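Report on the structure
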Amino acid sequence: MANTLTGSTYSGSFAGDYVAAALLSAPTLEKGLITILPNIHYKRVMKKISTTGSVLVNATCDFDHNMDVDVAERVLTLESFQSNVQLCKNDYFQDWIGAQAGYSAYEDLPKDFKDYMIGHVAGMVAAKMETNIWEGANASSGQFDGLVTLALADATVNDVASHAAVTASNCIDKLGSIVDTIPTTVYGSPDLKLYVSSNIARAYIRSLGGFASSGLGAAGTDNKGTQWFSNGDLTFDGIPVVVANGMADDTAMAAESSNLFFGCGLLSDINQEVKYIDMSEVYGSQNCRIIMRMSAGVQYAIGSDIALYHA
């Protein structure tokens with residue numbers, strides 16, 4: 001039998017579609033800018049291997065142990081979240097949706113309005129999730145520690161020394177300082193990216209249009225001035241520049257996308273729930289409720305492979 005909205009819930013397999021919209025429509029996830037790890041029930045342990053000593057020494061007739069291998073861990077821990085919204089049906093029966101609801105005082109809200117409200121709440125969750133991915137703070141309700149938050153607390157992350165507010169006149173210099181901080185072992189990696197806040201991206205685009213960028217002249221890239229950019233790909237020193245919408249202004253991170261992880265219980269049988277509940281069938285009230293539950297978290301594997309531009 002097909003799922004229906006009236007007197008039922010979206011807690012079956014259909015629920016996953018709405019949760020997917022809420023989580024994976026966050027731009028960082030939707031564009032595949034970091035690695036997504038689904039089906040985590042609670043924790044995912046990532047092993048870090050480090051070595052000390054020399055991999056090559058002068059040959060002898062004996063076996064001489066010359067390199068130690070150490071295994072450390074970073075743990076991606078999911079946190080559970082919920083979104084609860086209550087609507088009074090009477091508030092909506094007085095306008096255009098009243099015709100869809102019918103003439104009875106006991107009619108439910110029309111299906112397309114319920115679909116819209118669920119989609120609207122999912123969109124708001126996506127916006128919040130995007131901010132959480134980069135700047136979230138576990139101490140605040142509805143947040144987990146974001147990638148920038150984790151990096152700021154990690155002494156192994158490479159901090160860019162020359163931080164300042166980024167403008168069209170200094171963005172070339174500031175982006176250059178980030179690239180100069182990237183570890184030699186990471187530079188040239190095929191999935192290395194410069195994740196930048198939206199104000200840094202705007203400053204860079206304006207700079208390449210010929211405004212305050214050395215060597216380009218007033219006409220900028222391809223002599224097109226401010227018309228040169230058409231939402232295409234950006235690079236700096238051959239490294240892709242991508243906008244991390246959830247980053248705070250004047251923040252950037254150089255990292256491999258394979259080193260940054262978003263975990264969720266999205267594709268598992270648990271840790272996901274989307275419901276529309278008509279409370280008239282429960283308490284006899286004219287209220288209806290939208291309930292979303294999900295679990296998510298972020299982590300990186302190797303802090304020393306990351307360069308962070310932050311005050």
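Going by the structure above, here's the rest.
These numbers come from a predicted model, not from an experiment.

A word on the overall build of the chain
The secondary structure content of the chain amounts to seven helices and 13 strands. Relative to its full complement of 311 residues, the chain shows a buried share of 44%. In the chain, the proportion of contacts linking residues at least 24 apart, taken out of those at least 6 apart, comes to 73%.

Brief notes about helix α7 (residues 198-208)
Where α7 is concerned, the buried positions are N199, I200, A201, A203, Y204, S207 and L208. Where α7 is buried, its residues touch α6 (171-181), β6 (192-196), β7 (234-236), β8 (239-243) and β9 (252-256). Of the residues flanking the end of α7, it is G210, one or two places downstream, whose phi is positive at about 105°.

Structural notes on the environment of E256
You can see E256 is positioned in strand β9. Relative accessible area serves as the criterion here: at 14%, E256 is assigned to the buried category. Sequence separation between E256 and S189 is 67 residues; the distance between their C-alpha atoms is 7.3 Å. A polar side-chain atom of E256 sits 2.8 Å from a polar atom in the side chain of S189.

Re the sheet that holds β6
One key point about sheets: their strands pair by backbone hydrogen bonds, in either a parallel or an antiparallel sense. Ordered by their spatial adjacency, six strands build an open sheet running β5-β13-β9-β6-β8-β7, and the pairing between neighbours is mixed. Two strands in the sheet have a free side with no partner beyond their single neighbour: β5 (158-159) and β7. Across three bridges, β7 lies against β8 in antiparallel orientation. Paired with L234 across the strands is V241, a residue of β8. Contacts between α6 and the sheet are confined to β5, β6, β7, β8, β9 and β13 (307-309), with β13 contributing the most and set at about 155° to the helix. Each of β6, β7, β8 and β9 touches α7; the most contacted strand, β7, lies at about 85° to it.

Focus: the nonpolar core
One broad trend across soluble globular proteins is that nonpolar side chains are buried collectively. In terms of nonpolar packing, the biggest core is built from 43 residues, with W134, Y195, M253, L260 and F262 touching the most fellow members. Of all the elements in the fold, those that place two or more residues in this core are α1 (15-24), β4 (79-88), α4 (111-135), α5 (147-152), β9, β10 (260-264), β11 (273-278) and β12 (287-300). For this core, the leading source of residues is α4, giving eight residues. Counting 25 residues, the second largest nonpolar core, distinct from the first, contains L175, I200, L208 and A252.

So, α6
Along α6, the residues that are buried comprise C171, K174, L175, G176, S177, I178 and V179. On its buried face, α6 is in contact with β6, α7, β7, β8, β9 and β13.

Comments concerning the state of the cysteines
Disulfide: a covalent bond formed between the sulfur atoms of two cysteine residues. Scanning all chains against the criterion turns up zero disulfides. No disulfide involves C88; its sulfur sits 8.2 Å from the nearest other cysteine sulfur, which is in C288. A relative accessible area of 24% means that C88 is categorised as partly exposed.

Observations concerning unusual backbone geometry
A negative phi angle is the norm for most residues apart from glycine, just as the trans form is the norm for most peptide bonds. Positive phi values are uncommon outside glycine, yet D237 reaches one of about 50°. Residue position: D237 is located in the loop between β7 and β8. A positive phi angle is found at D250, which is not glycine, with a value near 60°. Positionally, D250 belongs in the loop between β8 and β9. The buried category is assigned to D250, whose relative accessible area is 17%.

What counts and how
- Residues numbered from 1 in each chain as written.
- Predicted model: local features only at pLDDT ≥ 70, side-chain atom pairs only at ≥ 80, totals over all residues.
- Heavy atoms only, no water.
- Helix = DSSP H or I, 4+ residues; strand = E, 2+ residues; numbered from the N terminus.
- Buried < 20%, exposed > 50% of the residue type's maximum accessible area, 1.4 Å probe, protein only.
- Contact = heavy atoms within 4.5 Å.
- Polar contact = N/O pair within 3.5 Å; in protein donor to acceptor, adjacent residues only side chain to side chain.
- Pairing = 2+ DSSP bridges.
- Axes fitted to C-alpha atoms, helices over the stretch in contact; angles between N-to-C directions.
- Core = buried A, V, L, I, M, F, W, Y, C linked by side-chain atoms within 4.5 Å.
- Disulfide = S-S within 2.5 Å.

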